[in-house]
Amino acid sequence: MAANAFNNSTLTDVRTDRVCLDCDKLLTEASDAIRRHTGDMTVGMFLIHRGDLTEEARQDFRARLVASFRDAQSSWDAYRRHLMDHGILPELS
Ligand SMILES: [Zn+2]
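Conventions and cut-offs
- What you see as residue numbers is a count from 1 along each chain, following the sequence as written.
- The predicted nature of this model means local features are confined to residues of pLDDT at least 70 and side-chain atom pairs, given and counted, to a pLDDT of 80 or more, with totals for whole chains, interfaces and linings taken over all residues.
- Numbering goes from the N terminus for both helices and strands, where a helix is a DSSP run of H or I of at least four residues and a strand is a run of E of at least two.
- Put simply, a residue is buried when 20 or more other C-beta atoms lie within 10 Å of its own C-beta and exposed when 12 or fewer do; between those, it is partly exposed, and each C-beta is set from the backbone.
- Contact criterion: two residues are in contact if their C-beta atoms, reconstructed from the backbone, are within 7 Å.
- Here a helix's expected span is defined as the number of its residues, less one, multiplied by 1.5 Å.
- For helices, the fitted axis covers only the stretch in contact; all axes are lines through C-alpha atoms, and the angles between them, taken along N-to-C directions, range from 0 to 180 degrees.
- Geometric relationships in this document are graded by angle, where less than 35 degrees denotes roughly parallel, more than 145 denotes roughly antiparallel, 65 to 115 denotes roughly perpendicular, and other angles denote oblique.
- Handedness of a crossing follows from how the near helix is turned relative to the far one, being left-handed for an anticlockwise turn of less than a right angle and right-handed for a clockwise one.
- Only Asp, Glu, Lys and Arg are considered charged in this grouping, and only Ala, Val, Leu, Ile, Met, Phe, Trp, Tyr, Cys and Pro are considered nonpolar; every other residue, Gly among them, is considered polar.

J.: Quick question: what am I supposed to make of the overall build of the protein here?
T.: Scanning the protein from terminus to terminus reveals three helices and zero strands. Going residue by residue from the N terminus, the α and β elements of the protein occur as α-α-α. A buried classification covers 8% of the 93 residues belonging to the protein. The contacts of the protein with a sequence gap of at least 6 include a subset with a gap of at least 24, amounting to 79%.

Shown next as structure tokens:
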């Protein structure tokens, strides 16, 4: 019943004329940024488990992880705002 309510209130409101080329561009940017962060995190976990990182290298890697996370978050937020502008997603409460 909950799934039907979701479908009726949300999915039927998404019409093809309410999306644009920027939707695809922003989603691709967000996906790519999340993928880059995933790669950084995967390498980070490997290096930590290997256990031979110097403190300086650990700090450098941490800065890289934070930067790729923020980039992914920013890209995702831009995509979310764009969908809100279309009226596809509700405004955050
Ligand atoms: Zn759009």
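So much for the structure itself; the text now carries on.
J.: I'm lost on helix H3 (residues 55-86) in this one. Help?
T.: In an α-helix, one full turn covers 3.6 residues, which means residues spaced three or four apart are oriented alike. The terminal C-alpha atoms of H3, which comprises 32 residues, lie 47 Å apart, in line with the 46 Å expected from a rise of 1.5 Å per residue. By the burial criterion, the buried members of H3 are Ser68, Ala72, Ser75 and Tyr79. Those residues of H3 hidden inside the fold are in contact with helix H2 (21-50). Taken from the residues just after H3, Gly87 is the one with a positive phi, measuring 85 degrees.

J.: Looking at this structure, I do not really get H2. What am I missing?
T.: Over its 30 residues, H2 runs 44 Å from end to end, which matches the ideal 44 Å to within 8%, given 1.5 Å per residue. Buried residues in H2 make contact with H3. A positive phi of about 80 degrees marks Gly51, the residue just after H2.

J.: What exactly am I supposed to notice about the packing of H2 against H3 here?
T.: For any two helices packed against each other, the geometry is given by the interaxial angle and the distance between the axes. Relative to each other, H2 and H3 sit at 160 degrees, their axes nearing to 8 Å. The orientation of H2 with respect to H3, classified from their angle, is roughly antiparallel. Between H2 and H3 the crossing geometry is left-handed. Its residues assigned to classes, the contact of H2 with H3 shows 15 nonpolar, five polar and six charged.

J.: Hey, could you run me through the environment of Glu91 in this one?
T.: Position of Glu91 among the secondary structure elements: in the segment after H3. For the pair Glu91 and Arg81, spaced 10 residues apart in the sequence, the C-alpha separation amounts to 8.6 Å.

J.: Is there a simple way to explain the environment of Cys20 in this structure?
T.: Within the secondary structure layout, Cys20 lies in the loop between helix H1 (2-9) and H2. In this structure the C-alpha to C-alpha distance between Cys20 and His82, which are 62 residues apart in sequence, comes to 10.0 Å.

J.: Teacher, can you tell me more about the environment of Tyr79 here?
T.: Within the fold, Tyr79 resides in helix H3. C-beta crowding within 10 Å serves as the criterion here: with 21 such atoms nearby, Tyr79 is assigned to the buried category. Taking the C-alpha atoms as reference points, Tyr79 and Thr28, separated by 51 residues in sequence, lie 9.3 Å from one another. Excluding its chain neighbours within four sequence positions, the residues that come into contact with Tyr79 are Leu26, Leu27 and Ala30.

Honestly, that's just the spatial picture; any functional story needs more than this.
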